[in-house]
Each structure stands twice: as C-alpha cells, then as structure tokens.
Amino acid sequence: MADARHRLALVWADGGYTGSLVEHCLAAFALVLAIVKRSDDQKGFVVLPKRWIVERLFAHLMRSRRLARDYERRTTSAEAMILWSMTMVMTRRLARPRPARA
C-alpha cells in the first residue's frame, strides 16, 4: 500500500476496523479512515451507505473465473486479472445500447 497511498485520501472500512487503526492510518499513511457502521437500533439486513459500492465491485470481480479462487502466486498477476476484469465490465457498459434522446 505504500506505493499506492499517494493516490488515496479516504478509505472506507467496516465497523470491525474501529479502534487504534483509525489513528494509525492517519499518523503513518496520512489517510482518513472512515468507518461505515450500522446503527444499533436496526435489525435484519440494511444497505449501508458506501458499503454497496464495495459489494458490487466484489460481485463484478467474482464473475471472472480466475478471480473466484486464489490461483495467482504473485500479486502482479492478480492485479492484472483485476484490471482485465474491470476492463471487461467497462467495455460491456460502453457497448450497451442507450435509449434515444427526445
């Protein structure tokens, strides 16, 4: 993460990452770690803000067969597969027919 941190300013994390990690990220990496929690009075499944973005990303990545399991030995090849998978998602979105404007 040290190489990529110059591009990051804000990181969202699950409620399980509360505690000293927030201060450590700010002190060591100059990153703001925002914890996305659900409120105590909510019961059952609730869509949390910003959390659905990550879940949707994971769903797109799991559509690629090689990313469904840990096949890669090196992080560079795993990163290449993630970039390839996201490129496929982007090209599918760009190739979708759009409704005609009035």
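Being a predicted model, the structure only gives us computed values, none of them experimental.

Caption draft 1: The arrangement of the packing of helix α2 (residues 51-62) against helix α3 (residues 75-95) in detail. Two elements in contact, α2 and α3, have axes whose closest approach is 9 Å; the angle formed by their N-to-C orientations is 100°. Considering the angle they form, α2 stands roughly perpendicular to α3. Only I82, S85, M86, V89 and R93 of α3 make contact with α2, whose side of the interface consists of L57, H60 and L61. Classifying every residue of the contact of α2 with α3 gives 5 nonpolar, 2 polar and 1 charged.

Caption draft 2: Just the confidence of the model for the protein, in detail. Chain-level pLDDT for the protein is 80 on average; 93% of the residues reach the 70-or-more range. Looking over the protein, one finds the lowest element-wise mean pLDDT in α2, namely 80, and the highest in α3, namely 88.

Caption draft 3: Representation of the layout of surface pockets. As a volume, the second largest pocket reaches approximately 160 Å³. Along the walls of the second largest pocket sit R38, G44, F45, V46, V47, L48, R51, W52 and E55, which together make up its complete lining. Broken down by class, the residue content of the lining of the second largest pocket amounts to 5 nonpolar, 1 polar and 3 charged.

Caption draft 4: Structural view of the pairing of strand β2 (residues 32-36). The pairing of strand β1 (residues 10-14) with β2 spans 5 bridges and is classified as parallel. Paired with A13 across the strands is I35, a residue of β2. Each parallel crossover has a hand, and the one from β1 via helix α1 (residues 20-29) to β2 is right-handed.

Caption draft 5: Expanded view of the side chain of H60. Relative to the helices and strands, H60 resides in helix α2. A polar atom in the side chain of H60 sits 3.4 Å from the side chain of R93. The residues touching H60, leaving out its near neighbours within four places in the chain, are S85, M86, V89 and R93.

Caption draft 6: Seen up close, a nonpolar patch on the surface. Side chains of L10, W12, L26 and V32 sit close together on the surface and give an oily, nonpolar patch of about 390 Å² of accessible area. Tracing the backbone through its elements, the reader meets W12 in strand β1.

What counts and what doesn't
Residues numbered from 1 in each chain as written. Predicted model: local features only at pLDDT ≥ 70, side-chain atom pairs only at ≥ 80, totals over all residues. Heavy atoms only, no water. Axes fitted to C-alpha atoms, helices over the stretch in contact; angles between N-to-C directions. Helix = DSSP H or I, 4+ residues; strand = E, 2+ residues; numbered from the N terminus. Parallel < 35°, antiparallel > 145°, perpendicular 65-115°, else oblique. Contact = heavy atoms within 4.5 Å. Nonpolar A, V, L, I, M, F, W, Y, C, P; charged D, E, K, R; others polar. pLDDT = per-residue confidence, 0-100. 1 Å grid on protein atoms, 1.4 Å probe; cavity = no way out; pocket = protein on both sides within 12 Å on 5 of 7 lines; lining within 4 Å. Points joined across faces, edges and corners; volume = space filled by probe spheres on them. Pairing = 2+ DSSP bridges. Right-handed = clockwise from strand over helix to strand, strands pointing away. Polar contact = N/O pair within 3.5 Å; in protein donor to acceptor, adjacent residues only side chain to side chain. Patch = residues over 30% accessible without salt bridge, like charges linked within 9 Å, V, L, I, M, F, W, Y side chains within 5 Å. Areas by Shrake-Rupley, 256 points an atom, 1.4 Å probe, with all protein chains shown as cover. Salt bridge = Lys/Arg side-chain N within 4 Å of Asp/Glu carboxyl O.

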